[in-house]
Amino acid sequence: MKIAIVGPGAIGSTFAFHLSRAGHEVTVVARGARLAWLEKERAIVTTDERRAPVEVSAALDTTTPWDLVLVTVLESQVDAVLPALRQSAARQVMFMFNTFAPLDRLRDAVGAQRFVFGFPAILAELQDGKLKARVIPRSFSAVQLTIVTDPAWAETFSRAGIPTDTQADMHSWLRTHAALVVPVMITADRAHKRGSGLSWTESRQLASGLAEGFEIVRSLGHPVTPSNLAVLGRIPAPVLTLGLWLLSRNPTIVALGGQGPGEARTLIDAMVAAAPARSATLQSLRP
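If you're wondering where the values come from, they're calculated on a predicted model, not measured in any experiment. (Residues numbered from 1 in each chain as written. Predicted model: local features only at pLDDT ≥ 70, side-chain atom pairs only at ≥ 80, totals over all residues. Heavy atoms only, no water.)

A. The arrangement of the sheet that holds strand 2 (residues 25–29) in detail. With respect to topology, eight strands assemble into an open sheet ordered 5-2-1-6-7-8-11-12, the strand pairing being mixed. Looking at which strands have only one partner, the edges of the open sheet turn out to be strand 5 (55–57) and strand 12 (164–166). Sheet twist, expressed as the average angle between the axes of neighbouring strands with direction ignored, equals 25 degrees. Of the pairings in the sheet, the one linking strand 7 (residues 93–95) to strand 8 (residues 115–119) comprises three bridges and is parallel in character. Counterpart to Phe-95 in the pairing with strand 8 is Phe-117. Packing of helix 3 (residues 78–87) onto the sheet brings it into contact with strand 1 (2–6), strand 6 (68–71) and strand 7, and relative to strand 7 it is tilted by some 170 degrees. (Pairing = 2+ DSSP bridges. Helix = DSSP H or I, 4+ residues; strand = E, 2+ residues; numbered from the N terminus. Axes fitted to C-alpha atoms, helices over the stretch in contact; angles between N-to-C directions. Contact = heavy atoms within 4.5 Å.)

This is the structure:
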């Protein structure tokens, strides 16, 4: 199939690598230093020197009838690409990023018949342009697999080496996920900046923020999704506090803090906008 990937950062590059290796015709749409690097290599290159050939472009060709345009930019960057996506002849457009906002605006921009959403279960980073990635395997499905709203693309990604499940209620899933990851993002950001773990008081405040986020999700009429995450609401506050305190001392989590606080801010702002009277703790935690 012909697949365009808009935003070949670590996540987009992981999809480009696997889909190219599976035999699909992949074009990556990049900008800045990433564009220059990819134009030189004409491939996704891993840190262990494996290569997957890709076409490279500075803009999405709106006349090409792509089987899929996969959008892996940050939510704060999506407005810049919506005009091209709206005009594109693509058969389907899949957005893949953290968001708490309603999905209607994106669905309306590309048309309901073309709209797909997904979320990656991938740990990835770029090191001097080269990809280092770990795809969560199906044996870890109790934790989380990559998910999409379309079964056909779940099958395509799975065949390409990215185990993928489907999720019909993506809006509830995304809002639950935002409530879960915001405290983790803030934990990582703070620990990374100071080079040490959080205090018990900070960890307790973040545990309160997590509980508040789940309450916001429920207040907006969404079930906690997937349902097994509802158990977090029954865990005593000191246990949640301990969990975040320990996470702030985990090297992998601390390294994630190097991405900065921007995504956590965007998610908190959306949660506050949706439930201003219920988000006092999250407002106080906003980095």
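B. The UniProt feature "domain: Ketopantoate reductase N-terminal" (unreviewed entry) in the protein, seen in detail. Per the UniProt record, "domain: Ketopantoate reductase N-terminal" (unreviewed entry) is annotated on residues 3–126. Strand forms 28% of residues 3–126 and helix 31%; the C-alpha atoms that close the span are 21 Å apart. (UniProt positions renumbered as here; feature names shortened; annotations may be inferred.)

C. Geometry of the side chain of Thr-176. Its place among the elements puts Thr-176 in helix 6 (residues 170–194). In this structure, Thr-176 is in contact with Phe-214, Val-217, Pro-223, Val-224, Thr-225 and Leu-229, ignoring residues within four places of it in sequence.

D. Here's a closer look at the environment of Ala-255. With respect to the helices and strands, Ala-255 occurs in helix 9 (residues 251–256). Accessibility expressed as a relative area gives 51% for Ala-255, which makes it exposed. C-alpha separation for the pair Ala-255 and Ala-112, spaced 143 residues apart in sequence, amounts to 38 Å. (Buried < 20%, exposed > 50% of the residue type's maximum accessible area, 1.4 Å probe, protein only.)

E. Geometry of the packing of helix 6 against helix 10 (residues 262–274). Where helix 6 meets helix 10, the axes come as close as 9 Å, and the angle between the chain directions of the two elements is 140 degrees. The pairing of helix 6 with helix 10 is recorded here as oblique in orientation. Relative to helix 10, helix 6 is oriented so that their crossing is left-handed. Where helix 6 approaches helix 10, its residues Ala-178, Ala-179, Val-181, Val-182, Met-185 and Ile-186 are matched on the opposing element by Glu-263, Ala-264, Leu-267, Ile-268 and Met-271. (Parallel < 35°, antiparallel > 145°, perpendicular 65-115°, else oblique. Left-handed = near helix turned anticlockwise from the far one by under 90°.)

F. Region of the structure containing the packing of aromatic side chains. The final tally for this structure, using the stated rule, is seven aromatic pairs. Ring centres 5.0 Å apart and planes at 65 degrees place the aromatic pair Phe-15 and Phe-157 in the edge-to-face group. Placement of the pair is Phe-15 in helix 1 (residues 10–21) and Phe-157 in helix 5 (residues 151–159), with a sequence separation of 142 residues. According to the relative accessible area criterion, Phe-157 is buried, its value standing at 0%. Seen from their ring centres, Trp-153 and Phe-157 are 6.1 Å apart, and the 40 degrees between their planes marks the pair as tilted. A residue pair is termed a helical-turn pair when its members lie 3 or 4 positions apart in one helix, as Trp-153 and Phe-157 do in helix 5 at four residues. Its relative accessible area of 5% is what places Trp-153 among the buried residues. Aromatic rings pair up to connect Phe-95, Phe-97, Phe-115 and Phe-117 into one cluster. Taking the ring centre of Phe-100 as reference, the NZ or CZ of Arg-175 above it sits at 4.5 Å. Geometry around Trp-245 places Arg-249 over its ring, the cationic atom sitting 3.7 Å from the centre. (Phe/Tyr/Trp six-rings, centres within 6.5 Å; stacked < 30°, edge-to-face > 60°. Lys NZ or Arg CZ within 6 Å of the ring centre and 35° of its normal.)

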